[in-house]
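Structural overview
Here is what each chain is made of, one letter per residue.
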Amino acid sequence: MRRLRIDVMHGVNLDQIGRRDPQHYGTFTFTELEVRVKKFARELELDATFWQTNHEGEFCESLHIAAERADGLLLNPGAWTHYSYAIRDALELAAVPAVEVHLSAVDEREEWRRVSVIRDLCVGSVQGKGLDGYREALELLKVGMTEKRNSA
Ligand code: DQA
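So, here's what we can say about the structure.

**Re the site of the ligand**
What surrounds the ligand is the set Arg20, Tyr25, Asn76, Gly78, Ala79, His82, His102, Leu103, Ser104, Val106 and Arg113. Measuring from an oxygen atom of the ligand, one finds a backbone N or O atom of alanine 79 at 3.2 Å. If the ligand stood free it would expose 320 Å²; the protein chains cover 99% of that surface. In terms of residue class, the shell around the ligand is built from four nonpolar, five polar and two charged.

Structure follows, in structure tokens:
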């Protein structure tokens with residue numbers, strides 16, 4: 001059986017971690033995040049691709065064709081999480097298991113960050129655990145993808 005493929009999708013301003021508030025986002029760079037997440041994925045025997053965009057339409061277009069390239073999605077859409085119904089609609093269309101992940105504890109920050117317009121479409125959600133949260137999110141995603149594969 002072939003390995004499960006996952007797409008790790010990052011949205012607006014995530015390429016700037018390392019320059020953003022270290023209290024919320026740590027001091028590591030986006031490249032360091034990529035290296036760690038790919039290592040977690042390898043350990044879980046998942047094939048991972050990793051990318052980021054600051055353009056909402058590009059994020060949506062990628063979701064339109066997500067099912068062609070991935071069995072599951074790990075999503076950190078950044079601030080779009082809190083208000084982008086365009087991304088929500090595109091995720092619904094993608095119809096692949098997805099897990100939402102945030103470096104910071106969004107539910108404990110400003111009121112507007114406590115809203116996620118994608119959470120109810122996801123099989124799991126992890127927040128406030130920094131880099132290690134990505135490992136937990138990948139584990140949740142693997143369970144979701146395996147359940148989907150077994151029920152097909
Ligand atoms: C974030 C949380 C968002 O509220 C914020 O806009 C981000 C990053 C996180 O990973 O903690 O850009 O998604």
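Read on, since the account is not over.
**Notes on unusual backbone geometry**
One can expect most non-glycine residues to show negative phi and most peptide bonds to be in trans. At asparagine 13, a residue that is not glycine, the phi angle is positive and equals roughly 75°. You can see asparagine 13 is positioned in the loop between β1 (4-12) and α1 (22-25). Within the chain, alanine 95 stands out as a residue other than glycine whose phi angle is a positive 50°. Among the secondary structure elements, alanine 95 is positioned in the loop between α5 (85-94) and β4 (98-102). Here alanine 95 falls in the partly exposed class, since its relative accessible area comes to 48%.

**Some details on the sheet that holds β1**
The five strands lie next to each other as β2-β1-β3-β4-β5, forming an open sheet whose pairing is parallel. The open sheet has two free edges, formed respectively by β2 (46-52) and β5 (124-127), since each of these has just one partner strand. Mean inter-strand twist for the sheet, computed between neighbouring axes without regard to direction, equals 20°. Taken together, the four bridges between β4 and β5 define a ladder with parallel strand orientation. Paired with valine 99 across the strands is glycine 124, a residue of β5.

**Remarks on the environment of alanine 98**
Inspection of the secondary structure puts alanine 98 in strand β4. Classification of alanine 98 as buried rests on a relative accessible area of 0%. For the pair formed by alanine 98 and glutamate 147, sequence separation is 49 residues and the distance between their alpha carbons is 13 Å. Leave out the neighbours within four places in its chain, and alanine 98 touches Leu73, Leu75, Leu91, Cys122, Val123, Gly124 and Leu141.

**Some thoughts on the nonpolar core**
Core analysis: the biggest nonpolar cluster contains 26 residues, and Ile17, Leu33, Leu46, Leu74, Tyr134 and Leu138 have the highest contact counts within it. Of the residues forming this core, the biggest block, six residues, is contributed by helix α6 (residues 130-151). Judged by nonpolar contacts, the second largest core, of 20 residues, contains Phe59, Cys60, Leu75 and Ala94.

**Looking at the state of the cysteines**
In total, this model carries zero disulfides according to the counting rule given. Of the cysteine sulfurs around cysteine 60, a residue in no disulfide, the closest is that of cysteine 122, at 14 Å.

**Focus: the packing of aromatic side chains**
Aromatic ring pairs are defined here through the distance separating the ring centres and the angle between the ring planes. Under the definition given, this model contains three aromatic pairs. Where tryptophan 51 meets phenylalanine 59, the ring centres are 6.0 Å apart and the plane angle is 45°; that geometry is what we call tilted. Side by side, tryptophan 51 and phenylalanine 59 carry an identical accessibility label, which is buried. With 5.6 Å between their ring centres and 65° between their planes, phenylalanine 59 and tryptophan 80 make a pair best called edge-to-face. Highlighted residues: phenylalanine 59 in helix α3 (residues 56-64) and tryptophan 80 in the loop between β3 (72-78) and α5, separated in sequence by 21 residues. Through a chain of ring-to-ring contacts, the aromatic side chains of Trp51, Phe59 and Trp80 assemble into a single cluster. It is arginine 20 that lies over the ring of tyrosine 25; its NZ or CZ is 4.4 Å from the centre.

The rules behind these values
- Residues numbered from 1 in each chain as written.
- Predicted model: local features only at pLDDT ≥ 70, side-chain atom pairs only at ≥ 80, totals over all residues.
- Heavy atoms only, no water.
- Near = heavy atom within 4 Å.
- Polar contact = N/O pair within 3.5 Å; in protein donor to acceptor, adjacent residues only side chain to side chain.
- Areas by Shrake-Rupley, 256 points an atom, 1.4 Å probe, with all protein chains shown as cover.
- Nonpolar A, V, L, I, M, F, W, Y, C, P; charged D, E, K, R; others polar.
- Helix = DSSP H or I, 4+ residues; strand = E, 2+ residues; numbered from the N terminus.
- Buried < 20%, exposed > 50% of the residue type's maximum accessible area, 1.4 Å probe, protein only.
- Pairing = 2+ DSSP bridges.
- Axes fitted to C-alpha atoms, helices over the stretch in contact; angles between N-to-C directions.
- Contact = heavy atoms within 4.5 Å.
- Core = buried A, V, L, I, M, F, W, Y, C linked by side-chain atoms within 4.5 Å.
- Disulfide = S-S within 2.5 Å.
- Phe/Tyr/Trp six-rings, centres within 6.5 Å; stacked < 30°, edge-to-face > 60°.
- Lys NZ or Arg CZ within 6 Å of the ring centre and 35° of its normal.

Remember, this is a structural readout, not a statement about activity or role.
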